[in-house]
Amino acid sequence: MSPSRPAVFEPARLGPLTLRNRIIKAATFEGVMPHGAITDELVEFHAEVARGGTALTTVAYCSVSPAGRVHRDTLVLDRESIAGLRRLTDAVHAEGALASAQIGHAGLVANQISNGVRSLAPSTRISPPGMGLVRGATLGQLDRVVEDYEHAARNAVEAGFDALEVHLGHNYLLSSFMSPNLNKRTDRYGGSLEKRSAFPRRVLEAVRTAVGDKIAVIAKFNMTDGVPQGLWIDESLPIAKMIEADGHIDAMELTGGSSLLNGMYFFRGEVPLREFMASQPKVVGWGLKFYGPKLFPTYPFEEGFFLPEARQFRAELKLPIILLGGINRLDTIEHALEGGFEFVAMGRALLRDPDVVNKFRDEKADEGLCIHCNKCMPTIYTGTRCVIREALRETPQAV
Ligand SMILES: Cc1cc2nc3c(=O)[nH]c(=O)nc-3n(C[C@H](O)[C@H](O)[C@H](O)COP(=O)(O)O)c2cc1C
Ligand code: SF4
């Protein structure tokens, strides 16, 4: 190991866990769960990442209930999923890595038509991804959502997961409660920062109580929604401090953006609108043609693009922070660790090359191959994959 890069490949503690290095695979919806089934492809997706040297791989978006699915091909972390997920966690462990389950309720981002069941929001509003009106939740419905989180968390422990990542980002249900533009409630879950954060914080407490100290609990947390009148750092930072003071999580993974209102904010780079339109039913494709540029504004890609915002959080919080967003180079990881971040998470760099962590470790590469074309995004409907990697596999001599 080069003396200039000691920390990256040294084991490190995350709550009750010891990670073999500082690199985590960020949740990227795998798109191989037809009607929620746990397939061999899903197991292999994570086994491959684990073989590639990543310390902790995140199974993307496990819904806590049928209503909380993004669409019908999303898995629900219910009792029936335990045996299949146990196969997945066993496969990851056999490769020397650990497994995390991202749990959430999609709220305004849940496709109600595909799911065949109504979703929930903090306040009633029309949602394009929700395919119509999503009603503000009653207090009784929210109590049931908390129970769903508890059940999912216990099921994750039984399935052998080492960590849970509770999704408090991207304007999914818990995130939308914190956003002033989406939460217009006047009861105990709306209004002041304390009240808008009360429901997500209640869920974090319930999840921690359900799993105890057996596994790590991580919150994927929005620093900013990236939309006018949405959550911004002036509010998210005080909320993060409240979450830290509550003491229910072991680490915070920092993100931003809104799958409801600003879908490119947490990707940056090119907008694959043509590929998106082609992946959708005709009527949705037409809608995208008109609303796409509004829904997916272009942001130039920059390496480590969330660093300026994340530094504000690092300066104010003591708990371990996972830096995410546009990490493609080893020196970015080294600088992040030098800057006080305990871990980094990588999404697209690992889709492009699941072996890139081993290559970093063995000094065979110091940069990943992802070019941030974002053409992997529309592949979530047909099996998430990097289109360049796929092209190389199919015609290696031609590319
Ligand atoms: C194909 C794809 C699917 C994604 N699915 C999810 C998801 O299910 N849950 C989530 O929180 N983030 C999801 N993300 C966002 C990533 O976790 C990450 O925040 C984003 O890609 C930025 O990190 P990167 O620059 O390392 O790719 C997805 C990203 C991609 C590219
Ligand atoms: S398709 Fe491949 S190269 Fe393009 S953004 Fe996705 S992972 Fe990166």
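All right, on to the site of ligand 1 then. Near ligand 1 there are 21 residues, and of these Ala-27, Gln-102, Gly-326, Gly-347 and Arg-348 occur at the shortest range. Contacts to ligand 1 include His-167, whose side-chain N or O atom sits 3.1 Å from an oxygen atom. Here ligand 1 loses 95% of its free accessible area of 610 Å² to cover by the protein chains.

When two helices pack together, their arrangement is given by the angle between the helix axes and the distance between those axes. Close contact between helix 1 (residues 40-51) and helix 2 (residues 82-94) brings their axes to 8 Å; oriented N to C, the two are set at 20°. In this view, helix 1 runs roughly parallel relative to helix 2, as classed from their interaxial angle. Considering the relative orientation of helix 1 and helix 2, their crossing is right-handed. In this structure, helix 1 uses Asp-40, Leu-42, Val-43, His-46, Ala-47 and Ala-50 to contact helix 2, whose residues at the interface are Arg-87, Leu-88, Ala-91 and Val-92. Each residue belonging to the contact of helix 1 with helix 2 can be placed in one class, and the counts come to seven nonpolar, one polar and two charged.

Before going further, it helps to spend a moment on the side chain of Asp-225. Looking at the element boundaries, Asp-225 is found in the loop between strand 9 (216-222) and helix 7 (233-246). Although Asp-225 lies buried, it forms no salt bridge, and the closest oppositely charged side chain, Arg-196, sits 7.9 Å away as judged by the N-O distance. Within the structure, the side chain of Asp-225 is placed 2.9 Å from the side chain of Asn-222, a separation counted as a polar contact. Excluding residues that lie within four positions of it along the chain, Asp-225 makes contacts with Asn-171, Ser-175, Ser-179, Asn-181, Gly-230, Leu-231, Gly-257, Ser-258 and Asn-262.

This part takes up the pairing of strand 4 (residues 56-63). Working note: regular strand, side chains alternate between the two faces of the sheet. Summarising burial for strand 4: eight of the eight residues are buried, a large majority. As defined by bridge partners, strand 3 (residues 23-25) adjoins strand 4 across two bridges and the pair is classed as parallel. Across the sheet, residue Ile-24 finds its bridge partner in strand 4, namely Leu-56. One ladder, built from six bridges, connects strand 4 with strand 5 (residues 98-104); its direction is parallel. Bridge pairing links Ser-63 to Gly-104 in strand 5. What joins strand 4 to strand 5 is helix 2, and the crossover it makes is right-handed.

With that out of the way, let us pick up the sheet that holds strand 5. Pairing is parallel around the closed barrel formed by eight strands, whose spatial order is 3-4-5-8-9-10-11-12. For this sheet, the mean angle separating the axes of adjacent strands, direction not counted, is 30°. On top of the sheet, helix 6 (residues 193-211) reaches strand 5, strand 8 (163-168) and strand 9; it is set at about 170° to strand 8, its chief contact. Where helix 10 (residues 307-316) meets the sheet, its contacts fall on strand 9, strand 10 (251-255) and strand 11 (321-324), and the angle it forms with strand 11 comes to roughly 175°.

Turning to the packing of aromatic side chains, a few remarks are in order. Here the structure, examined in full by the defined rule, presents ten aromatic pairs. Considering the side-chain rings of Tyr-189 and Phe-199, the 5.4 Å spacing of their centres and the 70° angle between planes classify their relative orientation as edge-to-face. One end of the pair, Tyr-189, is in the loop between helix 5 (173-178) and helix 6; the other, Phe-199, is in helix 6, and ten residues separate them in sequence. For Tyr-189, a relative accessible area of 3% translates into the label buried. When the centroid spacing of 6.2 Å and the interplanar angle of 45° are considered together, the rings of Tyr-265 and Phe-306 count as tilted. With Tyr-265 in the loop between strand 10 and helix 8 (273-279) and Phe-306 in the loop between helix 9 (282-295) and helix 10, this pair connects stretches of sequence that are 41 residues apart. For the residue pair Tyr-265 and Phe-306, the accessibility class agrees, reading buried in each case. Aromatic ring contacts, followed pair by pair, group Tyr-265, Tyr-299, Phe-301, Phe-305 and Phe-306 into a single cluster. Above the ring of Phe-343, the side-chain terminus of Arg-22 is found at 5.9 Å from the ring centroid. Sitting over the ring of Tyr-265, Arg-268 keeps its end group 4.5 Å from the ring centre.

Judged by its relative accessible area of 1%, Phe-306 falls in the buried class. Filtering out sequence-adjacent residues up to four positions away, Phe-306 remains in contact with Met-223, Leu-254, Thr-255, Gly-256, Tyr-265, Phe-266, Arg-268, Leu-324 and Gly-325.

On inspection of all chains with the given rule, the structure shows one cavity of 30 Å³ or more. Roughly 90 Å³ of volume is contained in the largest cavity. Surrounding the largest cavity, Arg-348, Leu-351, Arg-352, Cys-370, Ile-371, His-372, Cys-373, Asn-374, Lys-375, Cys-376, Cys-386 and Ile-388 form its lining. Per-element accounting of the lining of the largest cavity gives the leading share, three residues, to helix 12 (residues 348-352). Broken down by class, the residue content of the lining of the largest cavity amounts to seven nonpolar, two polar and three charged.

Another point: the nonpolar core. By size, the foremost hydrophobic cluster in this structure holds 111 residues, and its most contacted members are Val-166, Phe-199, Phe-221 and Phe-313. It is helix 6 that contributes the most residues to this core, eight residues altogether. Setting aside residues no more than four positions away along its own chain, Val-166 makes contact with Ile-103, Tyr-149, Leu-174, Val-203, Leu-204, Val-207, Val-217, Ile-218, Ala-219 and Lys-220. In this structure, Leu-17, Ile-24, Leu-98 and Ile-322 belong to the second largest nonpolar core, which totals 17 residues.

This part covers the pattern of salt bridges. With the rule as written, the count across this model stands at 19 salt bridges. A salt bridge links Glu-158 to Arg-79, with the nearest nitrogen and oxygen atoms 2.8 Å apart. In this pair, Glu-158 is assigned in helix 4 (residues 139-158) and Arg-79 in the loop between strand 4 and helix 2, connecting sequence segments 79 residues apart. On the basis of relative accessible area, Glu-158 is assigned to the partly exposed category, the value being 39%. Across the salt bridge formed by Glu-342 and Arg-314, the nearest N and O atoms sit 2.9 Å from each other. Residue Glu-342 is located in the loop between helix 11 (330-338) and strand 12 (343-346), and its partner Arg-314 is located in helix 10; the two are separated by 28 residues in the primary sequence.

Parameters and conventions
Residues numbered from 1 in each chain as written. Chains lettered and ligands numbered in written order. Predicted model: local features only at pLDDT ≥ 70, side-chain atom pairs only at ≥ 80, totals over all residues. Heavy atoms only, no water. Near = heavy atom within 4 Å. Polar contact = N/O pair within 3.5 Å; in protein donor to acceptor, adjacent residues only side chain to side chain. Areas by Shrake-Rupley, 256 points an atom, 1.4 Å probe, with all protein chains shown as cover. Axes fitted to C-alpha atoms, helices over the stretch in contact; angles between N-to-C directions. Helix = DSSP H or I, 4+ residues; strand = E, 2+ residues; numbered from the N terminus. Parallel < 35°, antiparallel > 145°, perpendicular 65-115°, else oblique. Left-handed = near helix turned anticlockwise from the far one by under 90°. Contact = heavy atoms within 4.5 Å. Nonpolar A, V, L, I, M, F, W, Y, C, P; charged D, E, K, R; others polar. Buried < 20%, exposed > 50% of the residue type's maximum accessible area, 1.4 Å probe, protein only. Lys, Arg positive; Asp, Glu negative; His and termini not counted. Salt bridge = Lys/Arg side-chain N within 4 Å of Asp/Glu carboxyl O. Pairing = 2+ DSSP bridges. Right-handed = clockwise from strand over helix to strand, strands pointing away. Phe/Tyr/Trp six-rings, centres within 6.5 Å; stacked < 30°, edge-to-face > 60°. Lys NZ or Arg CZ within 6 Å of the ring centre and 35° of its normal. 1 Å grid on protein atoms, 1.4 Å probe; cavity = no way out; pocket = protein on both sides within 12 Å on 5 of 7 lines; lining within 4 Å. Points joined across faces, edges and corners; volume = space filled by probe spheres on them. Core = buried A, V, L, I, M, F, W, Y, C linked by side-chain atoms within 4.5 Å.

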